[in-house]
Each structure stands twice: as C-alpha cells, then as structure tokens.
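Summary of the model geometry
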Amino acid sequence: MKEIRYIKAIADALDEEMGRDESVFVVGEDVGGPGGAFGGTKGLLEKYGEMRVKDTPISEAAIIGIAIGAAMDGLRPIAEIMFEDFITVCMDQIVNQLAKTRYMFGGMYKMPVVIRTPGGGGLNAGPQHSQSLESWFAHIPGLKVVMPATPYDAKGLLKASIRDDNPVIFIEHKALYALKGEIPEEEYIVPIGKADVKRPGKDVTVVTASKMVHHTLEAAKLLENEGIDVEVIDLRTISPLDKETIFRSVEKTSKLVIAHEAVKSFGIGAEIAAVVCEEMIDCLDAPVLRVGAPFVPVPFNLEKFCLPDTNAVVQAVKKVVGY
Amino acid sequence: MLGKEKLLEMLYLMVKVRRVEERLTEEFAAGKIPGFIHVGIGQEGVAVGVCSCLKTEDYIFTTHRGHGQAIAKKIDLKRFMAEIYGRKDGFCKGKSGSMHIASKADGVIGSNGIVGGSLPISLGTAYAAKYRGEDRVTVCFFGDGASNQGTFHESLNIAALWNLPVIFCCENNGWAQFTAQKVYMKLENISKRAESYGMAGVTVDGNDVLKVRNEAEKAVARARKGEGPTLLECKTHRWLGHYVGDAQKYRLPEEIKEVRKYDPIVRFEKYLIESKYVGPEYLGTIENKVRSEIDEAVRFAESNPIADVDELYADVYA
C-alpha cells in the first residue's frame, strides 16, 4: 500500500489508462501545460503529447462536442470541465447529444466518454463555483454518475469509467483533492454501480456520497459514544443506483437517513427515500430523513452555514433513533 | 471537368431527394407518418453538390431538415423510409424518426434535432481523423438560423485553430423557422464570419448544383490536405414551411411563388440538355427510376412492423 492524495489518484488513473490504451485522450481547458486547474492532468502533456492532451479555448459546449464526435468514431475521450457549475453551459451537448446518441440511433454507437468535473463547496468559491448538481445528471437516462469520496475509490472508479462504453459524469469533490488515503501498489478497478459499506453498523443506515461520507463517518464516531451504531453506505456511484446494498442495510437497521451536500429539495435523497418507501416500506421503523443544503445558492460569506456538516448528520440520526 | 456519368448521378439524386420529400409530404398528410416532418424542397442543389465530392467513408452530420443530405450520401432508401415510418428495420430501429436518421456505414454519422447541435460534434469526428492520421473529412450541415448559436462560434474557432478537416456547410434558406434572415442578423453573407475565425469562407448560389460542387470540391481538398476547415454558405430557398403543414402566414404569398423560379433541378436539367449530355426524354427515365425506388421503399416501410415493446429498454446503455 502507499498513501497518496485524491488528486494524485486521479492523475495516476489517467496516466495508467492513457498508457494502456492509445484511444484514450484528455481534452479541456488548461489540461495541457498547466496540468488542469487542480492538477489532475499534471505531467500528461509531456508524456503523451499534444494530440492526446488537448488544451481548448473556454468553450465548454465544444469540449463536450469534441468528446462526443470522437467517441462516435471509436476514441475514448475524457473531457474536463473545470468546475461542475460550468457544465450548465454545455447541457445540450450532454443531455440531448451525449446521453441520447446510442439510444436515438438505435444502438449504432458506443459512447465511451468520461466528463471529469469538480463539484461541491467548502472553498469559499461562491455561488457559481460551489454547486452539487449530481441529481441533474442522474435524472437523465443514458448517463452514469460517479462521485468518489476517497483516493482509493477515485482511482479505481476513474479507471472503470474510462473503460466503460457509456457516458460517465465523474464528479470529483474539490475540497477532497488534498485528502490523503491508502491505495494498493498494484492495479485495481472499482466497479461502477457498487456502493461500499464504509462502516458497518446495526442501528441506523446513512446513505451518502462524496465529501459527506467523511462527515458521516465522523458523525458515526460521535454517535458511537452515545451507543448508536451507524452503518455508513458510500454510494460511490449515484446512477445506476446500487439498490441492493441500500436494501440489505435497511433490512438490518430499519432506519434510514440520506445525507448529501446538494440542496435537499429534489435531490438524490428524495429518490433514494422514495425507492426505499416503494419497495420496502414494511421494513421501516421510522420516517426516512434527509440531510442536505437549504434551498439557497451557496454564498461566499455564509458558506459554512449552508453546507451540511457532521452535526447535521448527528441530529438527523438522533431524530430517527428517537422516533 | 465532371464526367457524364457523375453529372447524371447528381441529377438522379436531386430528383430523388425532391420526389422523396414530396412523397413524405403526401404520406404525412394521409396520416401514415407520425410526428413532424421538415422538408427542404427547393434546397436539393446544396446536399447533392456537397456530397458529390465525398467518399463513402467521409462523414456528414445532417439536420432536422436532413432527408436530402442523407439521400445525397446514398443512404439506403428502404431503411431510410422505414425509419421515418418508425419501423423496426429503420436505420435507428424506428427510434429516431425523420429528424435523426443516421447510418455510420454510409458516412451519415449523425443528425440533429437541436439547431446548431452538431457543430461541436463534427469537431470530434474531424479530430478523430487527425488523431489517427486518416484523410477522412467531415461535413457538418446546418441552417442559417444555427449560425447564431454559440456552438457555431465555438466550433469555427476551434476548427480553425486546430486546422481540422471539417467543412461547415450552411444551407442558407433565408428562414430561421418562421423568422427571416434580415430580422435576426445584420450581415447578409454568413460566410463573412469565417474570416473572424481565421478560416476560408465562401458564399455560393446553392441553387446551382455545379457551383456548389465546385466550391465544395475546393473545401474538401483543403481539408484532406490538412489545410484546414471552410465555411461554405450555400444560398438557397425553402419552398415550403418549416414543417409539413405550416401555413407560412409569416411569409408573403409573392415570395413563396417567387422562390420557385430558382428551382435547382430545372436549372440543372436545362444545363444537361443544352450541353447535349441528354435529350429531354431522359428526364422521364430518371423520374420512372426514382418513382419505382420510392414505391418500393414505401412498401417496405409500410409492411415493416414497429419494434417489439422490449426495444423501449434496449440501447439506453451499451
């Protein structure tokens, strides 16, 4: 095992996959010389050359279009959108084009496109650089949505995403880039669509993802002192949703909290709560609670009051346990 | 100089495009085709002129008004028709309908119902050709309306910057759906925009198939030699409405009548007869050939079943 940072895990996955398959290339703003705004593509230009590490103008729709066309012609592009917020300017290319190309043309194409993008808040980046928009993409048939929480998962899932023949929206958390974690020396893959029980427990299930995994683990530790045993499920992949792992846990605990950083209303928590209520209402001993951000943009100055934290998870778990 | 065989093939394709679209209009009115149909009757010279310069393995991206472009690229008419009828042996299993017909094997790589949606994607196929060192070119068709989408500007800038083997073919029929060009842009010639991105740009009479071909040939040669992209604006006329059934109340009756004077097929036929390539009787031969192909295609489409309901769930993911 070795210890590396989340951002290095990303860079290593890119390097390994580019070394393995000549059809893999990266395209985006500042991905070449600067090595990406956060350093995810550092060193790749020197190693793989300008055609495979392609700097673009600030033209997000075109970046996605290039990836789509190249995938239709058999390449495996990785597009980088510098902030998840900027994805909104290429939504046609993602929603109407990328997600529908295979279906609309009757299965004529495989669409092995990865869109890497940092989401989330915590860096005081303000309303247009701090959003968590995963539910937008999870709502679109044809897309897969991945949100790793640890360096291990980031590397293994990015490799799986690059090898997947479908479009994957790969949402990194910008506040996790410096996080250190252990990964094996040898190659490994983390499969898409498989959640991970980050902490087993018997009293309450908390389903979470990305940075909220760490808050939830912290909350679980605090709650342990109060005799509450929390099972923490890290979704890792938002879509396709690993219902099996969630159901197995809820069967055991009969209590469910969903915690995400995105705005609570209409978020993935609503979907997970609905799925559990639809398919296993008899197993539940308490209402399903959600932890998420209030229905406001992420402000520059009051960010810490906006983003859900460890305490929010603690409170929700206690409420469910006390029901 | 083009050989006789090529010239006659171009005429055949133009007539085929026209008659197919006329037939689609009739079948749609008869309630046999669901959804929307957008025809480009009057614009045949553009698609045929441009596609006559392409090889099978070259790619085109077509538009919502793209029947002519696909037929000019010699797509199989039976499967084309089956697609428009929503039948299972259509090119896209009936899931795309009229607006999204594609056949990668014929080089009709994609088609778009979003105005300006294909421009960025055409960068990708052009990039892939360059990536692999192939001499394949990509032609992206779009309308005058699309030239005001942001994607147009993003795409032209990048294509020029990277010297991509792509031809942006603007079929300028003067109408962005229900709005006339003079209402939505100050420039008269869209090709003028090419210069601001550092690429070749030319405007040609789109109703003259030979002029279109001449300019397209130069653009394709440039792209193949790695000398970069071209914005090729072909000025033409949309004789009918935005969609079949559009009463065109936004258009003066005189203008609707006037544009028919510029019939690209009549003009090309006249040229071929005057240049003694064929006698007038030859036109009947073409009409007969085209009619029987269309009858056969319609029969095929009508007798082809709609896909099984299981197909609803197929191909969302690979």
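Residues numbered from 1 in each chain as written. Chains lettered and ligands numbered in written order. Predicted model: local features only at pLDDT ≥ 70, side-chain atom pairs only at ≥ 80, totals over all residues.

**A few points about the overall build of chain A**
Assigned secondary structure in chain A consists of 12 helices and 14 strands. Against the globule reference of 20 Å for 323 residues, chain A gives a C-alpha radius of gyration of 19 Å, in line with a compact fold. Projected onto the principal axes, the alpha-carbon positions of chain A cover approximately 60 × 40 × 40 Å. Evaluated residue by residue, chain A yields a buried proportion of 59% over its 323 residues. Long-range contacts, defined here as pairs at least 24 residues apart, represent 79% of the contacts in chain A between residues at least 6 apart. (Helix = DSSP H or I, 4+ residues; strand = E, 2+ residues; numbered from the N terminus. Rg over C-alpha atoms; globule rule 2.2 N^0.38 Å. Buried ≥ 20, exposed ≤ 12 C-beta atoms within 10 Å, placed from the backbone. Contact = placed C-beta atoms within 7 Å.)

**Focus: the overall build of chain B**
A tally of regular secondary structure across chain B gives 12 helices and 8 strands. Rg of the C-alpha trace for chain B: 19 Å, near the compact-globule value of 20 Å for 318 residues, within the 12% margin. The principal-axis extents of the C-alpha atoms in chain B amount to approximately 55 × 50 × 40 Å. A total of 318 residues make up chain B; the buried ones form 53% of that total. In chain B, of all internal contacts separated by at least 6 residues, the share reaching a separation of at least 24 is 75%.

**Topic: helix α11 (residues 264–274) of chain B**
Because an α-helix packs 3.6 residues into every turn, residues spaced three or four apart end up facing the same way. Residues and elements named next belong to chain B. Within α11, the full set of buried residues consists of Pro-264, Ile-265, Phe-268 and Leu-272. The arc that holds the buried residues of α11, viewed along the axis, is 95°, so those residues lie on one side. Exposed and facing more than 90 degrees away from the buried side of α11 are Val-266, Lys-270 and Glu-274. On the buried face of α11, the contacting elements are α1 (4–29), α2 (44–51) and α9 (209–224). Following α11 by one or two positions, Lys-276 adopts a phi angle in the positive range, close to 65°. (Arc of directions from axis to C-beta.)

**Focus: the interface of chain A and chain B**
With 33 residues of chain A in contact, the opposing surface of chain B contributes 32 residues. Taken together, the elements giving at least two residues each to the side of chain A that touches chain B come down to α3 (60–72), α4 (91–98) and α5 (101–104) of chain A. Broken down by element, the residue count for the side of chain A that touches chain B peaks at 10 residues, all from α3 of chain A. For the side of chain A that touches chain B, the residue count by class is 16 nonpolar, 12 polar and 5 charged. (Nonpolar A, V, L, I, M, F, W, Y, C, P; charged D, E, K, R; others polar.)

**Focus on the nonpolar core**
Formed by 195 residues in total, the largest nonpolar core has its most connected members in Val-257 and Val-317 of chain A together with Ile-167 of chain B. Here this core spans two domains, and each of domain 1 (2–183) and domain 2 (196–321) of chain A adds at least three residues to it. Ignoring sequence-local partners within four residues, the contact set of Ile-167 of chain B consists of Val-137, Val-139, Ala-216, Ala-219, Val-220, Ala-223, Pro-229, Thr-230 and Leu-232 of chain B. (Core = buried A, V, L, I, M, F, W, Y, C linked by C-beta atoms within 7 Å. Domains from an automatic or database assignment.)

**So, the domain arrangement of chain A**
Residues and elements named next belong to chain A. As far as domains go, chain A holds domain 1 (2–183) and domain 2 (196–321). Each of domain 1 and domain 2 has a C-alpha centre, and these two points are 26 Å apart. The interface is formed by 25 residues belonging to domain 1 together with 23 residues belonging to domain 2. Broken down by secondary-structure element, the contributors of at least two residues to the side of domain 1 that touches domain 2 are α6 (134–138), β6 (144–146), α7 (151–163) and β7 (168–173).

**A closer look at the packing of helix α9 (residues 243–253) of chain A against helix α10 (residues 268–280) of chain A**
Residues and elements named next belong to chain A. Contact geometry of α9 with α10 gives a least axis separation of 11 Å together with a crossing angle of 65°. In the crossing of α9 with α10, the sense of the turn from one axis to the other is right-handed. Residues Lys-243, Ile-246, Phe-247 and Val-250 of α9 form the contact with α10, whose participating residues are Ile-272, Val-275, Val-276 and Met-280. A per-class count over the contact of α9 with α10 returns 7 nonpolar, no polar and 1 charged. (Axes fitted to C-alpha atoms, helices over the stretch in contact; angles between N-to-C directions. Left-handed = near helix turned anticlockwise from the far one by under 90°.)

**Structural notes on α7 of chain A**
Taking 1.5 Å of rise per residue, the 13 residues of α7 of chain A would be expected to cover 18 Å, and the 19 Å separating its terminal C-alpha atoms lies within 8% of that figure. Among the residues of α7 of chain A, those classed as buried are Pro-151, Tyr-152, Asp-153, Ala-154, Lys-155, Gly-156, Leu-157, Leu-158, Lys-159, Ala-160, Ser-161 and Ile-162 of chain A. (Expected span 1.5 Å × (residues − 1).)

**Remarks on the pairing of strand β4 (residues 166–172) of chain B**
Residues and elements named next belong to chain B. Counting buried residues along β4, 7 of its 7 residues qualify, which places the element largely inside the surrounding structure. Going residue by residue along β4, you find Val-166, Phe-168, Cys-170 and Asn-172 tucked away on one face and Ile-167, Cys-169 and Glu-171 tucked away on the opposite face as well. As judged from the 6 bridges shared by strand β3 (residues 138–143) and β4, these two strands associate in the parallel manner. From the neighbouring strand, Gly-143 faces β4, where its bridge partner is Glu-171. (Pairing = 2+ DSSP bridges.)

**A word on the environment of Leu-231 of chain B**
Residues and elements named next belong to chain B. The residue Leu-231 is located in strand β8 (residues 230–235) in this model. Accessibility expressed as a C-beta count within 10 Å gives 27 for Leu-231, which makes it buried. Sequence separation between Leu-231 and Ile-190 is 41 residues, and the spatial gap between their C-alpha atoms is 8.6 Å. In contact with Leu-231, not counting residues within four places along its chain, are Leu-156, Phe-168, Cys-170, Ser-191, Arg-193, Ala-194, Met-199 and Gly-201.

**Things to note about the packing of helix α1 (residues 6–20) of chain A against α7 of chain A**
All names here are of chain A. Packing of α1 against α7 brings their axes to within 8 Å, and their N-to-C directions diverge by 30°. Between α1 and α7, the angle falls in the class roughly parallel. Classified by chirality, the crossing of α7 by α1 is right-handed. Contacts from Tyr-6, Ala-9, Ile-10, Asp-12, Ala-13, Glu-16 and Glu-17 of α1 reach α7 at Pro-151, Ala-154, Lys-155, Leu-158, Lys-159 and Ile-162. Here the contact of α1 with α7 is built from residues that sort into 8 nonpolar, no polar and 5 charged. (Parallel < 35°, antiparallel > 145°, perpendicular 65-115°, else oblique.)

**Some remarks on the sheet that holds strand β7 (residues 200–205) of chain B**
Residue and element names in this part refer to chain B. Pairing within the open sheet is parallel, and its 6 strands lie in the order β2-β1-β3-β4-β8-β7. One side of each edge strand has no neighbouring strand; the edge strands of this open sheet are β2 (108–111) and β7. For this sheet, the mean inter-axis angle between neighbouring strands, taken without regard to orientation, is 20°. Sheet analysis places strand β1 (residues 59–62) next to β3, joined by 3 bridges and oriented parallel. Across the sheet, residue Phe-61 finds its bridge partner in β3, namely Cys-140.

**Side note on unusual backbone geometry**
Look at the link from Ser-239 of chain A to Pro-240 of chain A: it is a cis peptide, with omega at 0°. Within the fold, Pro-240 of chain A resides in the loop between β12 (237–239) and α9. Unusually for a residue other than glycine, Gln-248 of chain B sits at a positive phi of about 55°. Inspection of the secondary structure puts Gln-248 of chain B in the loop between β8 and α10 (253–258). Not every positive phi belongs to a glycine, and Lys-276 of chain B is a case in point at roughly 65°. Examined against the element boundaries, Lys-276 of chain B turns out to sit in the loop between α11 and α12 (281–303).

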